[in-house]
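So the chains spell out like this:
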Amino acid sequence: MSDFDFDLFVIGAGSGGVRAARMSAMRGARVAIAEEYRVGGTCVIRGCVPKKFLVYASAYGKAFKEAEGYGWSVDGASHDWTTLCDNLHAEVDRLSGIYWKNLSNSGVEIYSQRAEIEDAHTIRLQDDDRTITAKYILIATGGQPARMGIPGEELTLDSNDVFLMKERPRHVVINGGGYIACEFAQVFAGLGSQVCQIYRGDTVLRGFDDDIRAHVHGELKRSGVRVMTHANTIKVSKDGTGQRVVETDTGDTIKADAVIQAVGRNPYTKGLGLENAGVELDKAGAVKVDEYSKTSVDSIYAVGDVTNRVNLTPVAIREGAAFAATVFGETPTAFDHADIASAVFTQPPVGVVGLTEAEARRKFGQIDIYKANFRPMKNMLSGSESRMVVKLVVRQDSEQVVGVHMAGDDSPEIIQAVGIAVKAGLTKAQFDATCAVHPTVAEELVTLKEKWTPPEIS
Ligand code: FAD
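Residues numbered from 1 in each chain as written. Predicted model: local features only at pLDDT ≥ 70, side-chain atom pairs only at ≥ 80, totals over all residues. Heavy atoms only, no water.

**Some words on the packing of aromatic side chains**
If you walk through the whole model with that rule in mind, you get eight aromatic pairs. Ring geometry for Tyr 136 against Phe 328: centres 5.7 Å apart, planes inclined by 85°, an arrangement best described as edge-to-face. Highlighted residues: Tyr 136 in strand S6 (residues 130–139) and Phe 328 in helix H9 (residues 313–328), separated in sequence by 192 residues. Grouping residues by exposure puts Tyr 136 and Phe 328 together as buried. Judged by centre distance (6.2 Å) and plane angle (85°), the ring pair of Phe 323 and Phe 328 falls under edge-to-face. (Phe/Tyr/Trp six-rings, centres within 6.5 Å; stacked < 30°, edge-to-face > 60°. Helix = DSSP H or I, 4+ residues; strand = E, 2+ residues; numbered from the N terminus. Buried < 20%, exposed > 50% of the residue type's maximum accessible area, 1.4 Å probe, protein only.)

Quick look at the structure:
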């Protein structure tokens, strides 16, 4: 019999924690998990899943209008925020229930309360005020919305609050230029709100390929979002009618019903007791781990957003599974973080995999670019002026396709499949040898013939 209460104690029942707990239990480990909010974590409760429902909801508005070009009359369409939220939350509840059931069916003991670390093998359960010991501890506490730290902060909302809004704001200010800020901006614009997005940089989606950034910026404006760049909110106050008054460092004053901060996320380690066990953090406050997700303490591992590697749900899941294989499957498994495909659910959406043009130039020097920017067939009758961008980044020496970047309808679905080709290291010639599916937008991926040459600078 082991000297510990459990073989594994997982802190945090989100994407990474749940997968690690279940896979470890299925390999015969005695597992417990603590969750301080709701089982399912950010993705299910206040991230990817409810966000995508909001995106679907807002896209109907545009679709109704565009359907007219195809002969439909959709008169008097209106939207009810309460119906959307009721249905969305019912689905989130259902999914959280499934996560709970899957955990308990795997034999995982669930503690619905906060847990903190006392030492390398000891956890303190906050509500029960008792300790539990485990041979291994897995930190899977995720991230938390960052805050700007400005006067009037308490009058603003973060991404968690957006899903709990009782009414849709008619005027909304969104701070931030990352993917969450851009997605929310178009959600509210699509539902009929007036949206002002304030961003300190020169264009949105820092870290993405420049062509995609410019495209999304243009599409945000096309969908009616007022995008203010090189600007920072410096103060928020409330006027006599309860409206928020936003002041920026550019001297602008904007009134809104709601002010949302979507200015990034920080690893959630506050108060976790990591110092009690000697777990080291990096400069950004993330838990430092090796390729097997082991921290500076042999018995403590960490997966997901709290390690700030690639902060996406499928990554947290894969890191959790790799942890279980390494520690309880006797198969050291390091998840490979290269060439992870990902999406931005703007409208139209983005799908990317591999290196941006700038990254590839830095890494390989000589590269070839193939790209197309066109109005998709569907928009010819719908009247939408929205365009599609498709871009391949190719190594000149080996012809390997090292990056694919797309913006336009269905890009997230397409990039999932293209991700296989990029991950497999296929060449441009192999893309070209693949016969097109016609008529689709994705056929551009296998029919791009002309190398793009940068315009001459006179
Ligand atoms: P989380 O899912 O955050 O889970 C951590 C859990 O730990 C939480 O439930 C928390 O309550 C709990 N916890 C924390 N501390 C304690 C403690 N001391 N005791 C007990 N419990 C604790 N990713 C995508 O791949 N695609 C998307 O489209 C996407 N959209 C997103 C949209 C939004 C608005 C947000 C905020 C995120 C989005 N993400 C998306 C990111 C994705 O949600 C995260 O990468 C993913 O949830 C990380 O999983 P995790 O297991 O690391 O942490």
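Now that the structure has been shown, we can carry on.
**Overview of the site of the ligand**
Residues in close proximity to the ligand total 37 residues, the closest being Gly 16, Glu 35, Thr 42, Lys 51 and Asp 305. With respect to the ligand, the side chain of Lys 51 contributes an N or O atom lying 2.8 Å from an oxygen atom. Thr 313 is positioned with one of its backbone polar atoms (N or O) 3.0 Å from an oxygen atom of the ligand. Protein coverage of the free-state accessible area of the ligand, which is 1000 Å², stands at 96%. Those elements that provide at least two residues to the shell around the ligand are helix H1 (15–26), helix H2 (41–46), helix H3 (48–67), helix H6 (179–190) and H9. Ranked by the residues each element gives to the shell around the ligand, the list is headed by H2, at four residues. Split by residue class, the shell around the ligand holds 15 nonpolar, 14 polar and eight charged. If you count residues domain by domain, the shell around the ligand takes at least three from each of domain 1 (6–144 + 266–328) and domain 2 (153–263). (Near = heavy atom within 4 Å. Polar contact = N/O pair within 3.5 Å; in protein donor to acceptor, adjacent residues only side chain to side chain. Areas by Shrake-Rupley, 256 points an atom, 1.4 Å probe, with all protein chains shown as cover. Nonpolar A, V, L, I, M, F, W, Y, C, P; charged D, E, K, R; others polar. Domains from an automatic or database assignment.)

**Some thoughts on the packing of H1 against helix H4 (residues 81–105)**
Here H1 crosses H4 at 25°, and the two axes come no closer than 9 Å. Between H1 and H4, the angle is such that the two are roughly parallel. Helix-helix and strand crossings are classified by hand; for H1 and H4 the assignment is left-handed. Taken together, the residues of H4 that come into contact with H1 (itself represented by Val 18, Ala 21 and Arg 22) are Tyr 99, Asn 102 and Leu 103. Partitioning the contact of H1 with H4 into residue classes produces four nonpolar, one polar and one charged. (Axes fitted to C-alpha atoms, helices over the stretch in contact; angles between N-to-C directions. Parallel < 35°, antiparallel > 145°, perpendicular 65-115°, else oblique. Left-handed = near helix turned anticlockwise from the far one by under 90°. Contact = heavy atoms within 4.5 Å.)

**What to know about the environment of Leu 84**
Mapped onto the secondary structure, Leu 84 falls in helix H4. Sequence separation between Leu 84 and Phe 431 is 347 residues; the distance between their C-alpha atoms is 42 Å. Excluding its chain neighbours within four sequence positions, the residues that come into contact with Leu 84 are Phe 53, Leu 54, Ala 57 and His 79.

**Remarks on the sheet that holds strand S12 (residues 233–238)**
Strand order in the open sheet made by the three strands is S12-S13-S14, with antiparallel pairing throughout. The open sheet is flanked by S12 and strand S14 (253–256), the only strands paired with a single partner. Going from strand to strand, the sheet's axes swing by 25° on average, the running direction of each strand aside. Here five bridges tie S12 to strand S13 (residues 244–248), and the two strands are oriented antiparallel to one another. Directly across from Val 236, in S13, lies its bridge partner Val 246. (Pairing = 2+ DSSP bridges.)

**Looking at the sheet that holds strand S9 (residues 171–175)**
Taken in spatial order, the five strands make up an open sheet running S8-S15-S9-S10-S11, and their pairing is parallel. Of all the strands in the sheet, just strand S8 (157–158) and strand S11 (226–228) have a single pairing partner and so form its edges. Where strand S10 (residues 194–198) and S11 come together, three bridges link them in parallel fashion. Across the sheet, the residue bridging to Ile 198 is Met 228, located in S11.

**Quick look at the pairing of S13**
Most of S13 sits out of view: four of its five residues are buried. The turn joining S12 and S13, which pair antiparallel and follow one another in sequence, is formed by five residues; a positive phi near 95° is taken by Gly 242. Relative to S14, S13 runs antiparallel, the two sharing four bridges. Bridge pairing in S14 places Arg 244 opposite Ala 256. Where S13 folds back on S14, the antiparallel hairpin that results is connected by four residues, among which Gly 251 adopts a positive phi of roughly 90°.

Purely geometric stuff here, so don't read any function into it on its own.
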